[in-house]
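Spelled out, the chains give:
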Amino acid sequence: MSETAQKTASERAASVGRAGHPGVLQIYRTEFAIACAIVALMLAVGTFVPAALSMGNMHNIIQAAAPLIIMSLGVFLVVLTGGIDLSVGSVFSLTGMVTALAMANGADGVTASFAGMGVGLVFGSINGFLVTVVRLAPFVVTLITYAVAGSLAFIVTNGRSMPIGAPDFWLLNSGEMVPRIANHLLFCIVLMVVLEIVLRKVVVGRWFYAVGSSANAARLLGIPILRITFAAYVASGLLSSFAGLVTVSYILNAEATAGASLMLQAIAAVVIGGASLFGGTGSAIGAVLGALMITCIQNGVNLIGVNSFWQGSVTGVAILLAVLIDRFSNTSRT
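About the criteria used
Residues numbered from 1 in each chain as written. Predicted model: local features only at pLDDT ≥ 70, side-chain atom pairs only at ≥ 80, totals over all residues. Heavy atoms only, no water. Helix = DSSP H or I, 4+ residues; strand = E, 2+ residues; numbered from the N terminus. Buried < 20%, exposed > 50% of the residue type's maximum accessible area, 1.4 Å probe, protein only. 1 Å grid on protein atoms, 1.4 Å probe; cavity = no way out; pocket = protein on both sides within 12 Å on 5 of 7 lines; lining within 4 Å. Points joined across faces, edges and corners; volume = space filled by probe spheres on them. Nonpolar A, V, L, I, M, F, W, Y, C, P; charged D, E, K, R; others polar. Axes fitted to C-alpha atoms, helices over the stretch in contact; angles between N-to-C directions. Parallel < 35°, antiparallel > 145°, perpendicular 65-115°, else oblique. Left-handed = near helix turned anticlockwise from the far one by under 90°. Contact = heavy atoms within 4.5 Å. Phe/Tyr/Trp six-rings, centres within 6.5 Å; stacked < 30°, edge-to-face > 60°. Expected span 1.5 Å × (residues − 1). Core = buried A, V, L, I, M, F, W, Y, C linked by side-chain atoms within 4.5 Å. pLDDT = per-residue confidence, 0-100. Polar contact = N/O pair within 3.5 Å; in protein donor to acceptor, adjacent residues only side chain to side chain. Salt bridge = Lys/Arg side-chain N within 4 Å of Asp/Glu carboxyl O. Patch = residues over 30% accessible without salt bridge, like charges linked within 9 Å, V, L, I, M, F, W, Y side chains within 5 Å. Areas by Shrake-Rupley, 256 points an atom, 1.4 Å probe, with all protein chains shown as cover.

K.L.:
I tried to follow the overall build of the protein on my own but got confused; where do I start?
P.N.:
Per the secondary structure count, the protein includes 15 helices and 2 strands. The burial tally for the protein puts 46% of its 334 residues in the buried class.

And the structure:
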């Protein structure tokens, strides 16, 4: 082979290598756009209310966003496989009530927390079983468990709010296992990083994308689609319960309606973060940024002085825009 031919072949190999390994900005271009939108939103609110850009308000946003971020990561896994989980808000509420009730009956904080996490494990397993084994539609299954868990949240304490009895339970949310990093922030960072690494770098994580992209093709490739789908619903239930624990640890009180609006917000966060409701796309980072976007919108609405009743409408419009963008982007690809 001549020197010129060798040089040409080397250049082609290099170009293939560059194409095969896209840069970080190319991989996370949607997430980068969302991050820029969050910054623009905060700057816009800051022009009306300078306090919006203060460190105190930033801390408030992170504190408020933490439970939604944790829950959204679980919902993201379900959406990634092409499913939906409508039960997360009710599981969130029931977890808080069960945890508080356990403490009221003499349990310590650790035991009560395990009892609360059991709620997510049970309902996540029920959702996964009915979707994978009984083959019911995810929407129907999780709508049923949404109603059941929501009802039980009232039944276990007769609808009364319950104070948290363990004196040190606040440490779960606001303590510092790592110096100068509050636990609620640490939980969000660790969960996001671990989940993103697993989904991007571990074979089992890639299976979630495969199942959501085409369950039939995944089955032909030997991927255990039933186990992956079941695991997604269990993870969603567990993370919803953990979000409930983080919340009651902060407010030190459990309410039967605490998670009433979180189901809509969690789904909105996942969709805004770039995940497709058809499955197979998205990232954990996107889900986190979507949750931050929603929290920033709510924070901005409150600071500007807009009636808080408009928050649901704003969230609904955000979902609509995200779904339309996803729909048109899918259409343009085809």
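This is not the end of the story, as more comes after the structure.
K.L.:
When you look at empty space enclosed by the protein in this model, what are you seeing that I'm missing?
P.N.:
Gaps left between atoms show up when a probe the size of a water molecule is rolled over them. The final tally for this structure, using the stated rule, is 1 cavity of 30 Å³ or more. When residues of the lining of the largest cavity are traced back to their parent elements, those giving at least two are helix 5 (88-104) and helix 12 (225-251). By residue class, the composition of the lining of the largest cavity is 5 nonpolar, 4 polar and 1 charged.

K.L.:
Sorry if this is basic, but what is going on with the packing of helix 4 (residues 55-80) against helix 9 (residues 183-201) here?
P.N.:
The relative placement of two packed helices comes down to the angle between their axes together with the axis-to-axis distance. Where helix 4 meets helix 9, the closest approach of the two axes is 9 Å, and the angle between their N-to-C directions is 25 degrees. Considering the angle they form, helix 4 stands roughly parallel to helix 9. Pair helix 4 / helix 9 crosses with left-handed handedness. Seen from helix 4, the contacting residues are H59, I62, Q63, A66, I69, I70, L73, F76, L77 and L80; seen from helix 9, they are H184, L185, F187, C188, L191, M192, L195 and L199.

K.L.:
Explain the packing of aromatic side chains here, please?
P.N.:
Each aromatic ring pair is characterised by the separation of its centres together with the angle its planes make. Summed over all chains, the structure comprises 1 aromatic pair. Ring plane angle 65 degrees and centroid distance 5.0 Å describe the contact between F187 and F242, whose orientation is recorded as edge-to-face. In this pair, F187 is assigned in helix 9 and F242 in helix 12, connecting sequence segments 55 residues apart.

K.L.:
In this structure, what is going on with helix 14 (residues 284-304)? I would like to understand it.
P.N.:
Think of an α-helix as turning once every 3.6 residues; residues three or four places apart then point the same way. For helix 14, built from 21 residues, the straight-helix expectation of 30 Å at 1.5 Å per residue is met to within 8% by its first-to-last C-alpha distance of 30 Å. Counting buried positions over the 21 residues of helix 14 gives 16, a clear majority of the element. Looking one or two residues beyond helix 14, the residue adopting positive phi is G305, at roughly 100 degrees.

K.L.:
Teacher, can you tell me more about the nonpolar core here?
P.N.:
Nonpolar side chains in soluble globular proteins tend to be buried together. Residues I70, M71, L73, V75, F76 and L199 are the most contacted members of the largest nonpolar core, which totals 84 residues. Among the elements that make up this core, the one with the highest residue count is helix 4 (14 residues). Beyond its immediate chain neighbours, meaning those up to four positions away, V75 contacts V88, S236, A266, I267 and V270.

K.L.:
Sorry if this is basic, but what is going on with the side chain of S283 here?
P.N.:
Looking at the secondary structure, you find S283 in the loop between helix 13 (262-272) and helix 14. Its relative accessible area of 1% is what places S283 among the buried residues. Ignoring sequence-local partners within four residues, the contact set of S283 consists of Y28, E31, F76, E196, R200 and Y209.

K.L.:
Help me out: how do you make sense of the confidence of the model for the protein in this one?
P.N.:
Any residue range with low pLDDT should be treated as having predicted coordinates unsuitable for detailed reading. Predicted confidence across the protein gives a mean pLDDT of 87, with 90% of residues reaching 70 or more. Overall, residues 1-20 carries pLDDT values under 50, and its contacts beyond four positions in sequence, including any with other chains, amount to 1 contact.

K.L.:
Looking at this structure, how should I read the environment of T47?
P.N.:
Along the polypeptide, T47 turns up in helix 3 (residues 29-48). Overall, T47 belongs to the exposed group, its relative accessible area being 60%. Engagement of the side chain of T47 in a polar contact is seen with the backbone oxygen of A44, the distance being 2.4 Å.

K.L.:
Can you help me understand the pattern of salt bridges in this one?
P.N.:
Oppositely charged side chains can pair when the atoms bearing their charge come close. Under the counting rule described, the total for this entry stands at 1 salt bridge. Measuring nitrogen to oxygen at the nearest pair gives 2.9 Å for the salt bridge that ties R200 to E196. Placement of the pair is R200 and E196 together in helix 9, with a separation of 4 residues, close to one helical turn. Overall, R200 belongs to the partly exposed group, its relative accessible area being 28%. A relative accessible area of 6% means that E196 is categorised as buried.

K.L.:
Help me out: how do you make sense of a nonpolar patch on the surface in this one?
P.N.:
Together, F139, V140, L143, I144, Y146 and V148 make up a nonpolar patch on the protein surface, roughly 520 Å² of accessible area in all. Looking at the secondary structure, you find F139 in helix 7 (residues 138-155).

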